[in-house]
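For reference, the chains in residue letters:
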Amino acid sequence: METEKNPNSWKEKLNEKLQSIFGKSNNSEYHFSLSSPYETADTEKSSYPTTEQLQENQKITEVKEIYPSLEVSLEYIKVKYNTLINSDIVLREFTLSARNRQYKALLFFIDGMVDSQLINNNVLEALMLRNRANIFDGDQNQIVTEARTNNITVKKVKKFNLENYVFDCLLPQNNVKKVTTFSQAFTGVNMGDCLLFIDTLPIAFDIDVKGFKQREVSTPNNEIIIKGPQQAFVENIRTNTALLRRIVNNENLIIENIEVGKISKTICSVCYLKNITNNDLVAEVKYRINNLEIDSLLSSGELEQLIGENQKYSVPEILSTERPDKATKYLYGGRVVVLINGNPYALIMPATLIDFISSPEDSNLKFQFGNFLKFLRLLAIGITLLLPGIYVAIADFHQELLPTELLFSLLASRENVPFPIIFEILVMEISFELIREAGLRVPSPIGPTIGIVGALVLGQAAVSASIVSPILIIIVAITAIASFAIPDFSFGFHLRLMRFIFIILGYVAGFFGIGIGLFIYVCILTSLKSFGVPFTAPYTPVTNIKQNGYFLEPVWKREKRADYLDTKKVDSQEPISMKWKKGGL
């Protein structure tokens, strides 16, 4: 016999159902998640389109050529730029007057990236208002040339053409281009131009009316020199190319634009002197940039990593600079300079070890002063790379090398320190790197304060608490000061990383470990190449060291360009350049 069911159970179920439909949820938290096609079961077919399907659909909806019909082009632009939700897209429809005839026209630009006064005065006013250029009868022909011979006038005329007439007579703007594809038109609009579409014409006029705000040319922030120009690159690529043009001042300077990035379409300008730079070098640089399959390119640092050969080691192989005078100097030497739109740094290639430890200040000083500074930099490189490792090696393995008084002082300073020396030096080196990084990231008024507090207060507190020895503080401080003397930031960063390796080698095997590490390090440097040029040239392989070496000759003896670049023009000046002297000596 079946048990009798509870008569209230159906009522409870009904109440729960009604409550779930009409009742208010008591959940205090709201959770949102995006489902992924990878979360579906293997047996279920995902409803999400694949990447291949999306690309195929995009190809189907992509239109290349501009439509002759203005209405069709307008609808396509509205779809591509989502004008229903985009608030800064301007589509200005108006009627154009040409030869007493009226045509529908469209002006397409992005608000905030154009100069409105230029559009009003040089585009709309010229196209909309009646003037002497467009009140003639449309049936009149245009006179191309006129010649008079023996009282006979010969005129060469051609029939009225709206495209040529607008381009030649109605657009009083200095930079106007004709584009035939939507991709070219959209690139121009995204760069700050305005596009003029005219009904019945299968082209558009790309008019340069850029007017967005940009940073003015100012003094360099990271490559500061005493004697020399005080200008730096900015984020606008045309300003940067103008700086190079003005300094180079020669018609042989070539500036080629290459678009990088399927989405960003970032403009990269490849600059070189066609009568000096090796053609193979230029072709290699352009080949690498043209063969980058990426969506976006935002900085020179990204491009430097994408076109560099060496990916296993931290040694930089492309030189970067924010100084136009430094870039110009390397252009005269036969190098290639690459500028990236939106980035205030130029890339110089190829680069050798000498380039990373040289400064623009060197050529502005007498060769005696410049060579003294170069010697100091070599000393700074040795201290930055090896001093902490040598200290660890001497303290652990080679104490007999120290004078007795210094050895007793060293042992006395470490008497109350409970930690091994490797722990001490790693803690102090990492602490200093943290202080350096914090000083860069905090607001500029607080940066120097961070350095003073970290160097003085924390260092003194660590010594007082017997965590580290006073001599170690001196070692770390000297190493830090020496690292700031490296002119190039990337190469200085590389030396800072290598310093930790030599510290570990000195702790493990003393001078023997440091020697083995130096041997391997030099072998790596000599094996590297930058765009086909040995990184350690002109020393390995040995070439013209006297004129192209690290140390400077007098300026009147610098007659040859670097032979490892194989430039078209080898001589940079005459053998006797100071002809004002008696006898040319």
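Residue numbers here run from 1 along each chain, matching the order of that chain's written sequence. Residues qualify for local features only when their pLDDT is at least 70, as the model is predicted, and side-chain atom pairs are given and counted only at 80 or more; totals for whole chains, interfaces and linings, by contrast, use all residues. Only heavy atoms go into the side-chain values, all of them from the structure, while hydrogens and water stay out.

Describing the side chain of Thr 479
Helix and strand definitions follow DSSP, with helices as H or I runs of at least four residues and strands as E runs of at least two, each counted in order from the N terminus. With respect to the helices and strands, the residue Thr 479 is situated in helix α16 (residues 470-483). Pairs of residues are marked as contacts when any of their non-hydrogen atoms sit within 4.5 Å. Apart from residues no more than four positions distant in its own chain, Thr 479 is found in contact with Ile 383, Thr 384, Leu 387, Pro 388, Glu 429 and Arg 499.

Here's the deal with the pattern of salt bridges
When a carboxyl oxygen of Asp or Glu lies within 4 Å of a side-chain nitrogen of Lys or Arg, that pair is called a salt bridge. Considering all chains together, one arrives at 19 salt bridges under this definition. Residue Asp 362 is joined to Lys 374 by a salt bridge in which the shortest nitrogen-to-oxygen separation is 3.5 Å. Placement of Asp 362 in the loop between α11 (353-356) and α12 (367-396) and of Lys 374 in helix α12 is noted, with a sequence separation of twelve residues between them. Taken individually, Asp 362 and Lys 374 each receive the classification buried, so the pair is uniform in this respect. For Asp 571, the salt bridge goes to Lys 560, with nearest N and O atoms at 2.6 Å. Only protein chains enter the accessibility calculation, which uses a 1.4 Å probe. A residue is then buried if its area is under 20% of the maximum for its type, exposed if over 50%, and partly exposed in between.

Regarding α12
The α-helix winds at 3.6 residues per turn, so residues separated by three or four positions along the chain end up facing the same way. For a helix, the expected span equals 1.5 Å multiplied by the number of residues minus one. Here α12 contains 30 residues, and its C-alpha end-to-end distance of 42 Å stays within 8% of the 44 Å for a straight helix at 1.5 Å per residue. The angle between axes fitted to the seven residues ending at a residue and the seven residues starting there is what we call the bend at that residue. Helix geometry: α12 is bent most strongly at Leu 386, by close to 50°, with proline Pro 388 lying one to four residues after it.

Things to note about the nonpolar core
Nonpolar core, defined: a set of buried Ala, Val, Leu, Ile, Met, Phe, Trp, Tyr and Cys residues in which side-chain atoms within 4.5 Å join the residues together. In this structure, Val 337 and Leu 339 are the most contacted members of the largest nonpolar core, which totals 40 residues. Mapped onto this core, the elements with two or more residues apiece are α7 (237-248), β9 (266-273), α10 (324-332), β11 (336-340), β12 (346-349), α11, α12 and α17 (489-527). The biggest single contributor to this core is α17, with seven residues. Setting aside chain neighbours within four positions, we find Leu 339 in contact with Phe 233, Ile 237, Asn 240, Thr 241, Leu 244, Ile 267, Cys 268, Ser 269, Cys 271 and Ala 346. Listed in part, the 26 residues of the second largest apolar core include Ala 105, Ile 119, Leu 162 and Cys 194.

Examining the sheet that holds strand β6 (residues 194-198)
If you walk across this open sheet you meet the five strands as β1-β2-β6-β7-β5, and the pairing is antiparallel. The outermost strands of the open sheet, each flanked by one partner alone, are β1 (89-98) and β5 (176-179). Neighbour to neighbour, the strand axes of the sheet diverge by 25° on average, direction disregarded. Pairing between β1 and strand β2 (residues 101-110): ten bridges, direction antiparallel. By the bridge assignment, Ile 89 is partnered in β2 with Ile 110. In this analysis, axes come from line fits to C-alpha atoms, helices being fitted only over the stretch in contact, and the angle between any two N-to-C directions falls in the range 0 to 180 degrees. Strands in contact with helix α3 (residues 70-80) are β1, β2 and β6; relative to β2, the strand with the most contacts, it is inclined by about 10°. Sheet contacts for helix α6 (residues 182-190): β2, β5, β6 and β7 (204-207); angle to β2, the most-contacted strand, approximately 60°. A pair of strands is considered paired only if DSSP assigns at least 2 bridges between the two.

Considerations on the confidence of the model for the protein chain
Overall, the predicted model of the protein chain reaches an average pLDDT of 84, with 83% of residues at or above 70. Taken as a whole, residues 40-44 scores under 50 in pLDDT and shows one contact with residues more than four places along the chain or in a different chain. Per residue, pLDDT measures the predictor's confidence, with a range of 0 to 100.

Focus on helix α14 (residues 421-441)
With 21 residues, α14 ought to run about 30 Å at 1.5 Å a step, and its terminal C-alpha atoms sit 30 Å apart, in line with that. Of all the residues in α14, the buried ones are Ile 421, Ile 422, Glu 424, Ile 425, Met 428, Glu 429, Glu 433, Ile 435 and Arg 436. Taken down its axis, α14 places every buried residue within 170° of arc, on the same side. In α14, the exposed positions angled more than 90 degrees off the buried face are occupied by Leu 434 and Arg 441. Within this analysis, the arc is defined by the directions that extend from the helix axis to the C-beta atoms.

Observations concerning the sheet that holds strand β8 (residues 253-260)
One open sheet accounts for five strands, arranged β8-β9-β11-β12-β10; its pairing is antiparallel. Looking along the sheet, the strands with just one partner apiece sit at the ends: β8 and β10 (319-321). On average, each strand axis in the sheet is inclined to that of its neighbour by 25°, with strand direction left out of account. Relative to β12, β11 runs antiparallel, the two being bridged by four bridges. Bridge pairing in β12 links Val 338 to Leu 347. Most of the contacts of helix α9 (residues 300-307) go to β12, to which it runs at about 25°, and overall it touches β9, β11 and β12.

Some remarks on the packing of aromatic side chains
Each aromatic pair joins two rings of Phe, Tyr and Trp (for Trp, the six-membered one) with centres within 6.5 Å, and gets the label stacked for planes under 30 degrees apart, edge-to-face for over 60, and tilted for any other angle. Going through the model one piece at a time under the given rule, you end up with 13 aromatic pairs. Note on Tyr 81 and Phe 108: the rings are 5.1 Å apart at their centroids and 80° apart in plane angle, and the pair reads as edge-to-face. Here Tyr 81 is found in the loop between α3 and β1, whereas its partner Phe 108 is found in strand β2, with 27 residues between them in sequence. Taken individually, Tyr 81 and Phe 108 each receive the classification buried, so the pair is uniform in this respect. By way of ring pairs, the aromatic residues Tyr 67, Tyr 76, Tyr 81, Phe 108, Phe 182 and Phe 186 are connected into one cluster.

Observations concerning unusual backbone geometry
Residue Pro 350 is reached from Met 349 by a cis peptide bond, and omega for that bond is -5°. One can find Pro 350 in the loop between β12 and α11. Across the junction of Thr 540 and Pro 541, the peptide omega takes the value 0°, indicating a cis bond. Its place among the elements puts Pro 541 in the loop between β14 (533-534) and α18 (545-548). Not every positive phi belongs to a glycine, and Thr 200 is a case in point at roughly 85°.

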